[in-house]
Amino acid sequence: MKSHCPPSPAASAVPSSDPIPPPQVTYIGSASAEAPYLPLPLMLTRVAAGFPSPADDYVEQMLDLNEYCVRNAPATFYLRVEPDGDSMIDAGIFPGDVLCVDRSLHAQSGDIIIAALDGGFTVKELGFVDGAPLLIPHNVAYKAQPVSADSDFEIVGVVTAVIRKLRRGKVRHDRSD
């Protein structure tokens, strides 16, 4: 298995010649080593996903997303999943999501990783078969992809968080009353 430094994440991903193309990701940028502390209220009350429950006015603590998502800022960067990247939807990773990736973590079996494979980037669960890496999708439409010994393969980093906006674009509030 040849290991190499992956091409710059800013470069466009080159599709693999494998029968199942990996979802492509676009480099967004690195986390600042001096990320500003921006605490926002984290409510004590949990939200019901079924029937509504009365809301309490109690703040459990302040939550800073940089502190929550980023363990090692100099080694962390963000990627956006391409619009057609659907191989990880059953893991809760959807097209357009932003992935927080930590390059300093040692990837283990079961981790969701960003991998450079034969000139392209992919997001998959890492597994192993007879000591060789296996890239596992989380969508029944895709098959696991063994990494051959002659592949250019490198684990770029471990996905530590998924960020998703539920309302995309600008919201216009028009009221006639």
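The structure presented is a predicted model; accordingly, all values stated were derived computationally and were not measured.

Asks: Where do I start with the overall build of the protein in this structure?
Replies: Tallying secondary structure elements over the protein gives one helix and ten strands in all. In sequence order, the secondary structure elements of the protein are arranged as β-β-β-α-β-β-β-β-β-β-β. When the 177 residues of the protein are sorted by exposure, 34% land in the buried category. Accessible area for the protein stands at about 11500 Å²; split by element, carbon and sulfur atoms hold 56% of it.

Asks: Where do I start with the nonpolar core in this structure?
Replies: I93, L99, V101, I114, V123 and V159 are the most contacted members of the largest nonpolar core, which totals 14 residues. L117, L135, F153 and V158 belong to the second-largest nonpolar core, a separate cluster that totals nine residues.

Asks: Honestly, the environment of I113 in this entry has me stumped. Any pointers?
Replies: On the secondary structure map, I113 appears in strand β6 (residues 112-117). Those residues in contact with I113 that sit more than four places away from it in its chain are A107, T122, V123, K124, L126, L135, I155, G157, V158 and V159.

Asks: Would you take a moment to explain the pattern of salt bridges for this structure?
Replies: A pair can form between side chains of opposite charge whenever their charged atoms are brought close. Here the structure, examined in full by the defined rule, presents two salt bridges. Between D102 and R71 there is a salt bridge, with its nearest N and O atoms 3.9 Å apart. With D102 in strand β5 (residues 98-102) and R71 in the loop between α1 (65-69) and β4 (76-81), the pair connects residues that are 31 residues apart, well separated along the chain. Judged by relative accessible area, R71 falls into the exposed class, the value being 64%. Where D97 meets R164, a salt bridge forms, and the shortest distance between an N and an O atom there is 2.9 Å. Taken as a pair, D97 in the loop between β4 and β5 and R164 in the segment after β10 (153-163) lie far apart in primary sequence, 67 residues in all. The exposure class assigned to R164 is partly exposed, which follows from its relative accessible area of 36%.

Rules of the game
- Residues numbered from 1 in each chain as written.
- Predicted model: local features only at pLDDT ≥ 70, side-chain atom pairs only at ≥ 80, totals over all residues.
- Heavy atoms only, no water.
- Helix = DSSP H or I, 4+ residues; strand = E, 2+ residues; numbered from the N terminus.
- Buried < 20%, exposed > 50% of the residue type's maximum accessible area, 1.4 Å probe, protein only.
- Areas by Shrake-Rupley, 256 points an atom, 1.4 Å probe, with all protein chains shown as cover.
- Core = buried A, V, L, I, M, F, W, Y, C linked by side-chain atoms within 4.5 Å.
- Contact = heavy atoms within 4.5 Å.
- Salt bridge = Lys/Arg side-chain N within 4 Å of Asp/Glu carboxyl O.

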